[in-house]
Amino acid sequence: MSLAQVHYTSAAPGDEGTAGRFTAVGPGVSAALLAEIEPLLRHELPDGVADRPSDGELRSLPQPFTYAALSDGSRLVSRSAPVRDTAGGAGPGVRFHAHAVHLPPGVPLPGDRLPVEAWRSPHWVAVTPDGAIPDPLALPPGPTAVSEGLDDFAVSRGPWLAAVLADLRRASGPREPGGRPVVLVERQCADVARWLGLASVTLPRECAERLTFTTYTRRPGSSAMRVVGMLPEDAEAARAAGLRVHVCTGQAPPGGGTDDVWATTAARVWRSRSPELFREARELPGEPFAAGPLAVTALCAGIALGPDGRAAATRWAADRPYALDAKRTGQLVEALTSPGIDDRTGPEFDAAGRLFGALEGRCPASVTAPLAAMLVTEAVRGGNGSLELPHRDAFVGPEGAEVAERLAPEILTELGDRAGPRSVARTVQLLRVARLLGVDGTDALPGVVDRLAPALLAEAEEESGAGAEGLPGFAPALLELLDEQFEVRTALLGALDRLAPEDPGAVARFLERVALPFTGTQALPHLRMCAEVPGAMATLGGDRAAVWHRVLRAAGLSPFAEPLVLRTAVGLVWEDRAPTVEEARLLLDAATSDAHRAAGTWARLVDAALGASAAEPPATGTPVGPSPASTDEAAALAHDLLRGFPGEIGGRERAGLLLLDLVRELRTGAPEPGWAETVRTLCAQADPVEPALRERAHTALVERLLAPDRPGAELYDFVHGDDAELIAAYDRTARTETVRTRLRTQPAYAADCFTVWTAHPHAGRTWPPVAAALLDEVLRPAVRAMSAEDVAEVEATVGRTGSSGRAEAFRTWNRVSTLGRLGRRIAGRVRRG
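For clarity, every value in this text was computed on a predicted model and none was experimentally measured.

**Let's talk about the packing of aromatic side chains**
Step number 1: Using the criterion set out here, one finds 15 aromatic pairs in the structure.
Step number 2: Centre to centre, the rings of Phe-153 and Trp-195 are 5.4 Å apart; their planes meet at 80°, and the pair counts as edge-to-face. In this pair, Phe-153 is assigned in helix α3 (residues 150-156) and Trp-195 in helix α5 (residues 189-202), connecting sequence segments 42 residues apart.
Step number 3: What makes Trp-195 buried here is its relative accessible area of 0%.
Step number 4: Seen from their ring centres, Tyr-730 and Trp-767 are 5.5 Å apart, and the 70° between their planes marks the pair as edge-to-face. Here Tyr-730, found in helix α32 (residues 724-734), pairs with Trp-767, found in helix α35 (residues 767-784); they are 37 residues apart in sequence, far enough to count as distant. Across this residue pair, the class does not change: Tyr-730 and Trp-767 are buried.

This is the structure in structure tokens:
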């Protein structure tokens, strides 16, 4: 069909208020379309154009070439040329004459060409013709002029190539109207057209057709095109407008300007002058702009790529091992394993491991052997612990022997180095490679597993502390190693079992994340206990005694035969806290003192006794005399520990236990004389003693001193010791309701207290005021509440146990009290009268 052509002449410079005009319009182009087309055909001349340009200067002015999409779905292809204005005026000026072709919706270009191919059509004109002229889009068959010299142009623009192709790819995607254009800054419009020619070859057809463009504008911010060209002098304004600007005429950008692997690979293809590879790559499966197909095609053609490109090709081939024939598979493997490559990365090696696994069994071993050799060499020399290693039969012929001979000394040296290897992944990788290559590491194995076992726990704890959940990173390779090598599994499980008593909690947490295989005939009592504890705690909850029994049964050994199972069980159940007194009693009775001594668990029992004494101080109001048996369990435990571990317990712990044992004797027996001095001495030796333990000891002492049957010598030593803390404890206990009740109801006890509180008026500085206060504030109210008969009995008891003078003193003391009461009553009656 014949396409409508349009001619338009712009206003000349200086013609203010004068618009351009259409000088010819083909059939089918409505007035509404002309209104939309006209802004596309207007162009501003560059600054500094001479009033009377020469022919050469006129030819050097921009000749914009435009491809635009219109609102009704039609398209417009146009070329504008600068022409002299001879219409009159002061002198000849310069106008733009635009020649355009209108493409109705759905109508392709003649010959199914791309718009940019019409850039150098010989049928574009710079004047309005008198009659019909050939269609500029009707080009002769064969390559068009736009493709001429693209290889040279691409090489000349090498530093900008990848970044521009990346942006042209993004600009060619489906998007809503109003997107910001990509700006290409060149000195010539022809070079902008060449960039679009590169895009037409590089991009898939449907993407290239979406690239609307103009090769010259001075107002890119208001352009509806996806790609616009500009002159260098206008570039700064485009940057200020926030546009993506590529200045392809100045200093080259560092590093290629993009991390787009597809664009980087495409740039290498162009610089290798092999644009036919784009078509080949599009025939391979994959997304249109996936880097893998293009990278594979480039590598098979002998084009060197960087590590990202090689990794993309390797991953693509690993996912589609059936997509390449035998020849191209061999070419790809040869390119990937080239000895000249020295910049391989971890991701590239990981992809190579996947590719080997995908090709193994599909290709002859002679094809995959170079990959296997590269992988094991990297595993040893590169320290890449995440590599997917080949199987033992990966090598055929001399390849395996050559690799083993080259790497065996390095493997054995590092495995035998007591300072390393330091990471679990590295150790596991070396052990697996050693087996793969048939390297005998029997002599080094004991030392290796002794270093590997604590490293397993440390790295797992470190990952857990960083918030990682699930399997540690080294776990999959470790489990494969244990599955592959029986001797390593046996040695490592034994090393972990020996390590467990030292830190059973860490081993249990490790086994909860990594299920090690407890198969075979190994006893492994400690590992079995560590593996049992999570289930026991989940089932039995807070009953730690029941958990301890179940965990101990899992060991399969008696603590009498293997005392260390005691340490492991205690560490698992009471990892960071002391047992209660009841639990400590259970542990003490479960084994002999020799077993606890060998296991070191006696220290936990000491912590239980001292911790309980500090956590459960006696409450105010504890009755005078022996306390209930339940309150003395810690003291009884302390007594048994002092008997069972006399050589192990020392220092402040021993003093603390002796203090508890003294509490027991004060309440239930007859301790050695010198109670107050013993309490003071033991408190000093146990310093810093827990305040509650000190309070417990002080309370037990003063309760015994407030008892009717206390020895007089002990009371005398206490009073004359002038210990402010002990006397304060005595004062507090004497004021409890228990003592007050006994004073009111037992005349003999009241008489005894009167005797004690009045017997030592000059005993130091602390006792006299306390005794006086007790007489007035505690004993006097009790005596007032007694009947006359009870008061008489108190007086008689004081006389019998003391002297007639002391009985007279009580009468005087009581008379003062009675007169005081009587006086207060009389005064009250006078006031009422």
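Let us keep going from here.
**Points about the environment of Ala-304**
Step number 1: Mapped onto the elements, Ala-304 comes out in the loop between α10 (291-300) and α11 (307-319).
Step number 2: In this structure, the C-alpha to C-alpha distance between Ala-304 and Arg-268, residues 36 residues apart in sequence, is 7.9 Å.

**Quick notes on the sheet that holds strand β9 (residues 244-247)**
Step number 1: An order of β2-β1-β5-β4-β3-β7-β8-β6-β9 is seen for the nine strands of this open sheet, with the pairing classed as mixed. With one partner strand each, in any of the chains shown, β2 (21-25) and β9 form the two edges of the open sheet.
Step number 2: Here strand β1 (residues 4-9) runs beside β2; their pairing, made up of four bridges, is antiparallel. By the bridge assignment for β2, Tyr-8 is matched with Phe-22.
Step number 3: Here helix α4 (residues 158-171) sits on the sheet and contacts β6 (182-185), β8 (227-230) and β9; the angle it forms with β9, its principal contact strand, is near 150°.

**Comments concerning the pattern of salt bridges**
Step number 1: A complete count under the given rule lists 48 salt bridges for this structure.
Step number 2: Among the ionic pairs, Glu-236 bridges to Arg-239, the shortest N-O distance being 3.5 Å. Placement of both Glu-236 and Arg-239 in helix α7 (residues 235-240) is noted, with a separation of three residues, approximately one turn of the helix.
Step number 3: Under the relative-accessibility criterion, Glu-236 is labelled exposed at 54%.

**Focus on unusual backbone geometry**
Step number 1: At the junction of Asp-687 and Pro-688, the peptide bond is cis and its omega measures out at 0° in the coordinates.
Step number 2: Considering the arrangement of structural elements, one finds Pro-688 in the loop between α29 (675-685) and α30 (691-705).
Step number 3: With phi around 55°, Asp-112 is a residue other than glycine that occupies positive phi space.
Step number 4: Structurally, the position occupied by Asp-112 is in the loop between β5 (93-103) and α3.

**Quick word on the nonpolar core**
Step number 1: Phe-718 and Trp-757 are the most contacted members of the largest nonpolar core, which has 220 residues in total.
Step number 2: Not counting the four nearest positions on each side in its chain, Trp-757 is found in contact with Tyr-730, Ala-734, Leu-743, Trp-767, Ala-771, Leu-774, Leu-775, Val-778 and Leu-779.
Step number 3: Judged by nonpolar contacts, the second largest core, of 12 residues, contains Leu-34, Ile-37, Leu-70 and Leu-76.

**Description of helix α13 (residues 346-359)**
Step number 1: Taking 1.5 Å of rise per residue, 14 residues should cover 20 Å, and α13 covers 20 Å from first to last C-alpha, within 8% of that figure.
Step number 2: For α13, the full list of buried residues reads Glu-348, Phe-349, Ala-351, Ala-352, Gly-353, Leu-355, Phe-356, Ala-358 and Leu-359.
Step number 3: Buried residues belonging to α13 abut α11, α12 (326-336) and α14 (365-381).
Step number 4: Directly after α13, the chain includes Gly-361, whose backbone phi takes a positive value near 90°.

**Re the pairing of β5**
Step number 1: For β5, a buried count of 11 out of 11 residues is recorded, marking the element as mostly surrounded by other parts of the structure.
Step number 2: Residues Gly-93, Arg-95, His-97, His-99, Val-101 and Leu-103 of β5 are buried on one face, and the alternating residues Val-94, Phe-96, Ala-98, Ala-100 and His-102, pointing to the opposite face, are buried as well.
Step number 3: The sheet contact formed by β1 and β5 spans six bridges and is antiparallel. Residue Gln-5 lies in a different strand from β5, and its bridge partner there is Val-101.
Step number 4: Looking at chain direction, strand β4 (residues 75-85) and β5 are connected through 11 bridges and run antiparallel. Bridge assignment links Ser-80 to a residue of β5, and that residue is Ala-98.

Cut-offs and rules
Sequence order as written defines the numbering, with residues in each chain counted from 1. Only residues with pLDDT of at least 70 get local features here, since the model is predicted, and only at 80 or more are side-chain atom pairs given and counted; chain-wide, interface and lining totals rely on the full set of residues. The side-chain figures draw on all heavy atoms in the structure; neither hydrogens nor water molecules are used. Stacked, tilted and edge-to-face are the three classes assigned to paired rings of Phe, Tyr and Trp, where Trp is represented by its six-membered ring and a pair needs centres within 6.5 Å; plane angles under 30 degrees give stacked, over 60 edge-to-face, the rest tilted. Only DSSP runs of H or I with at least four residues qualify as helices, and only runs of E with at least two residues qualify as strands; both kinds are numbered from the N terminus onward. We call a residue buried when its accessible area falls under 20% of the maximum for its residue type, exposed when it is over 50%, and partly exposed in between, using a 1.4 Å probe and counting protein chains only. Any two strands between which DSSP finds at least two bridges are classified as paired. By definition in these notes, contact holds between two residues if any of their heavy atoms fall within 4.5 Å. Between N-to-C directions, angles span 0 to 180 degrees; the directions come from axes that are lines fitted to C-alpha atoms, helices contributing only their stretch in contact. Between Lys or Arg on one side and Asp or Glu on the other, a salt bridge is scored when a side-chain nitrogen of the former is within 4 Å of a carboxyl oxygen of the latter. The term nonpolar core refers to a set of buried residues drawn from Ala, Val, Leu, Ile, Met, Phe, Trp, Tyr and Cys, joined through side-chain atoms within 4.5 Å. An expected span of 1.5 Å times one less than the residue number is assigned to each helix.

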